[in-house]
Structure formats: C-alpha cells, structure tokens
Amino acid sequence: MEKVSLRDAYGETLVELGKEDDRIVVFDADLSGSTKTAKFAKAFPERFFNMGIAETDMMNVAAGMATTGKIPFVSTFAIFGTGRAWEAVRQTICYPNLSVKIVCTHGGITVGEDGASHQALEDVANMRNIPNMRVIVPADDVETRQVIRKIAYTEGPFYVRLTREKFPRIFDENYKFEIGKGHVLREGEDVTVISNGVMTSFALYAADILEREGISIEVIHMPTVKPIDTELIVKSASKTGAVVTAEEHSIIGGLGSAVAEVLVENYPVPMERLGTPDVFGRSGKGWELLHYFKLDEKGIVEKVKKVLERKER
Amino acid sequence: MITFEPSFFTERNRDIDDVTLRAIAREVRKDILKMTSEVQSGHPGGAMSATDIIVTLYYYKMRHNPENPKWEKRDRFVLSKGHVCPALYSVLARTGYFPLEKLHEFRKIDGSLQGHPDMKKTPGIEISTGSLGHGIGAAVGMAMGLKLDKSDSKVYCMIGDGEAQEGSVWEASMAASHYNLDNLVVILDNNNLQIDGPVDEVMSIYPAMEKWKAFGWHVIEINGHDFKEIREALDEADRVRYKPTMIVAKTVKGKGVSFMENRAEWHGKALPPELLKEALKELGELV
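Read on for an overview of the structure. (Residues numbered from 1 in each chain as written. Chains lettered and ligands numbered in written order. Predicted model: local features only at pLDDT ≥ 70, side-chain atom pairs only at ≥ 80, totals over all residues. Heavy atoms only, no water.)

What follows covers the sheet that holds strand 11 (residues 217–221) of chain A. Residue and element names in this part refer to chain A. In spatial order, the strands read 9-11-10-13-14; together these 5 strands make up an open sheet with mixed pairing. Each edge of the open sheet carries a strand with a single partner, namely strand 9 (183–186) and strand 14 (271–276). Recorded for the sheet is a direction-independent mean angle of 25 degrees between the axes of neighbouring strands. For strand 9 and strand 11, the ladder comprises 3 bridges, and the chain directions are antiparallel. Bridging across to strand 11, H183 finds its partner in H221. Seen against the sheet, helix 11 (residues 255–266) touches strand 10 (191–195), strand 13 (243–250) and strand 14 and runs at an angle of roughly 145 degrees to strand 13. (Pairing = 2+ DSSP bridges. Helix = DSSP H or I, 4+ residues; strand = E, 2+ residues; numbered from the N terminus. Axes fitted to C-alpha atoms, helices over the stretch in contact; angles between N-to-C directions. Contact = heavy atoms within 4.5 Å.)

Turning our eyes to something else, we now look at the sheet that holds strand 5 (residues 101–104) of chain A. All names here are of chain A. Spatially, 3-2-4-5-7-6-12 is the arrangement adopted by the 7 strands of the open sheet, whose pairing is mixed. What marks the edges here is a single partner per strand, and that holds for strand 3 (48–50) and strand 12 (224–226). Within the sheet, the average angular offset between the axes of one strand and its neighbour, ignoring direction, is 20 degrees. Judged from the 4 bridges that link them, strand 5 and strand 7 (residues 158–161) form a sheet pairing that is parallel. Bridge assignment links K101 to a residue of strand 7, and that residue is F158.

This brings us to the interface of chain A and chain B. Every contact between the two is made by 27 residues of chain A and, on the other side, 28 residues of chain B. Interface area lost by chain A to chain B is led by A:D57, A:Q91 and A:Y95, which between them contribute 23%. There are 1 salt bridge connecting chain A and chain B. Where chain A meets chain B, there are 11 residue pairs in polar contact (both at pLDDT 80 or more). Those elements giving two or more residues to the side of chain A that touches chain B turn out to be strand 2 (24–28), strand 3, helix 4 (55–66) and helix 6 (86–94) of chain A. Looking at the side of chain A that touches chain B element by element, the count peaks at 8 residues for helix 4 of chain A. Along the lines of polarity and charge, the residues of the side of chain A that touches chain B split into 12 nonpolar, 9 polar and 6 charged. (Buried area = accessible area lost by both parts, 1.4 Å probe. Salt bridge = Lys/Arg side-chain N within 4 Å of Asp/Glu carboxyl O. Polar contact = N/O pair within 3.5 Å; in protein donor to acceptor, adjacent residues only side chain to side chain. Nonpolar A, V, L, I, M, F, W, Y, C, P; charged D, E, K, R; others polar.)

Next up, the structure:
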C-alpha cells in the first residue's frame, strides 16, 4: 500500500477551503512548517495568525475570533494542543460550544525520534472527556481531506488527530466519511476488531493472516471516537461475541475505553485493548516504535487469539 | 430607577453626567449585595471594585443595543474576571438586556445567571469566562476578528490583578501588541486583594504599568472610582493608534460599604442578612 501524508492532505485541504470561503482562518503556534498550515499561510497571509509558542492563548484567541463569525482551524502538535492548552479548550471553546476546529499533527508514538515529551498518547482521552467536543482519528489522506471539509461546515468544536508519519492509503474515492459512523471494511464471524488511525491498516493485514489460520475477523474502522457509533459496535459484537480494539494511543481513555463503555452498558462480551499500556513513549524511528509497542498486525493477532480463548472458555 | 430607551445606547460617548453614573452605580452595588446574599454565595468584594468602570462602559462609552444583543455594530465587553459577574448582570438588566427580576435567578438551579458568565444562557455575555486568564485571550481574538472585517467596533475587557498572575494573560498581552490591536482596551481592576490576601504578598504583579509598557501597550493609570478619570481614559484609548490600551484602575475591594472596603474576606463571601441590611442602609436604601 502506498504511504501517504495526512498532514500534507490537511494543509492542502485548508488551502482549498480558504479559496472557497473567506471565513476560514488558521492559527498555529510556531509549527506551521510541520503541521502544514504554512501552505495556507502562504496562500492567505492575512487570514493566518502565528501566535508564537503560546498554545493556551492560541485557543482563547481562536475562540474569540469564532464569535465574530470566522471558522478558525487551530494547529500545533497534539500534546501541546490537547495537553498544555487543555483548560483553555474546555473553558473558552467547548463550554460555549464555539466552532473552533483543533487539528493537531504529531499524535501518537510515530512522532519518533523526539521521544516521550512530544509523543501524545493521551490526546484522544484529553479531548474526549470535554462536553461538546467531538474527536476524529483519520486513517489516511483520503479520509483526512473529507474530515477537514466536513468539520469546517459542522457547527461546534472538533479535535482531529493527525500524525507526523506517513500511513498506508486504505481508502479510494468511493469512501464516504460521516461524523459518528464506523465503517465495516471487512466482514467476519469470530472476532470484531475496531481500530482507527494507522492501526486500521494493520487490522486489515491481521485479517489476512488470521484468515489463513481459519479465524474470521470483522474489521471496523472507527474514525470518530466521539460520538462513538454505538449501534455498529453492538451489532457487530452481537454477531461475533468478542471485540479487540487497536489504537496508536494509551489504552486509557481512547478508542478502547470508548468501545468498552459501549459494550459494558449494552452488550458485554470478552474484549481486549491494544494500545500503549499506560507508559510513556521513547525515541526511535516511527515504524520501529510501532513494532516495539506491538502496535502492528502481530499485536492484533495476539489480542485476537487471547480474546478468542476467553470467548470459548 | 434610572432607565433609558435602547436607542440611547447605540452611539458612543453619551451625554450622561457623573451624578447620574454615581446613582446608577449605587443601585448596581445594592443589586450585587442582594444577589449574593440571597444565595449566600458569590463574589461581592471584587464586583464592587469593578462596578464604576462597568457602569461607565455600558452607560457612557460602549455602542451596544440591549434589544438586539448580537447587533453587528456593537462594541464588545469581556469580563475576564468572570467571578464578579453580579456587577455585569445588574448592569445588563438595568440597561434592558433582561428584566430586573431575573437577578433573583443568580446561582440558582434552572436560572439563567450562572455563577460565572455563560454566553449560552445569558443575553449580552460575549464569551463564557470564569477560569482566570482566558477571557483576555478571547478578547484579543475578537479584536483580531473585527479588524479582519474592517469593523470599527471596539473590544473592552476587564481583568483582575490576581488574574494577572496567570501566564496566559501575558501570552495574550504579547499577542495584542504584536497584532497592533488599537481596537482593544483592557482595564485592570487593581484592588490589590485576592483570596489569600494582598496581591503584592501572595505574588506581586508590580510594577504593573511598566510591565504592560514593556509589552508594547499604551498604559494609563486612573482612580477606578472617579467617573471623570474613567471616562477620560476610555476617550484617550480612542486616540491611540497601532497599540492596545491598558487602563490600570486603582480600585477598592468592597467599594461603597465601609465595613467591606479593602477586606479580602469579602472576596468570595456573601453578607449575612443583618450585615446586608446595614450595607444597604449605607448605600442609601430605605430599609
């Protein structure tokens, strides 16, 4: 599969949106080259605001500007946007339900060499716990483009998690992203695997491997972590009777937690979560780190076998 | 009760004298004390230090429309020190944003007047505040947005002196100057008292004027209870170009009631019924 850049897709989509609509404004905190908002800055300098290394202020300012009828996109690295600036996001963006679109790059372990300080493994959890906030973790560039367009014209705040690393392209032009909807990419009988971000491509690999061993898994791509697609999760879990979640994020508070919440209240089945196990990251190459933390097809296969054992017990 | 037609407020710099402003401020202070005492909760001290400034903004300076709170041409006011909202709620009610009886809803369940300003629940609130240090950033964003629209509306914002200990206040101050926001006026309610005591003992923000000057602001110091000085400072800010203006207003916490003045204990504590009576008497109410 061809590897593609989600952040480039973001930057390019911003420029397209900027051409179509002069309400689109963009904020960055001295990382515009990395987040790719520099593309927008070049095309529309008067609508691009570099706020310096001051993420808290950037969120407050974007919120204030949203009250004047603009549609602000705000970008920085995921850990700063969702960690450093968390309380400004809560107080000034989410509490008044303002249309500020927080799109952060450098989410997850694939930040790579910069190490733990820069690897956001908590960002989805940080944003998911705030009322009014919706959280989306796209898998590739095709999906990213659609997500950015969709959230621009949907009222209220969003958090979109993008990455530094390029990921395999898994969607074609027939794909249609909808907020709050999961996608069954492959039907199966024995175990449901629910994933997002780069983990969806690994889930598809894992499905091939397991099929050869006679295990049939249903692969659900779940880009929207909040609001989560309860109906689809319950429907699939009631068919397969076992669920594995896979995400490039801590197992605490992210997709795994969101799915667990749905299952425990609606249709409890054995479940396993794949993610980083409540630890900080470390330096290394992005793909090297994914394998180090077993955030790959092997990790998924392992979890599927473990949950199958529990299911059959 | 001193009332004006909504059309009175739609032009700036209105013809209103100090005697009238003082009389309105007295009513606002009574509202603050009654609202907080009714629920035995809220922040009367800082609300009373902020009163004269907020009254001058809404009755003399700002262009606004109580009948149409989202009027496009309006000037905006952001109460960054959101806890002193009883003063703002009273002024909004008295200028006609909502009926005076609503003041009884303050801090009550199902009420429209939350403990800290909520733009979704209360007409006339421009942005929800409460957690200190954020409102000034939102005010900066509003000022930037209005400039982008080539609007001549202005943004006024009040911050507390304790609030100035938050780093985000300085992030916002840097940005306001960087983006040459001459449509932004921030007023520092400098009553020098915060919950734990005097600001200079808890964590000094001084010299405050020099700090904002160094950040590139036009800085004016006034007595925040002298209507002439408040008015002149706000007018002076109109003439400043390419810089935001900071008005350092020397104020008195609990202003207007002798036994509340300059006492940190009335930061977040309401008057009990017997003291309320006494306070209202001092403010000229027949009780």
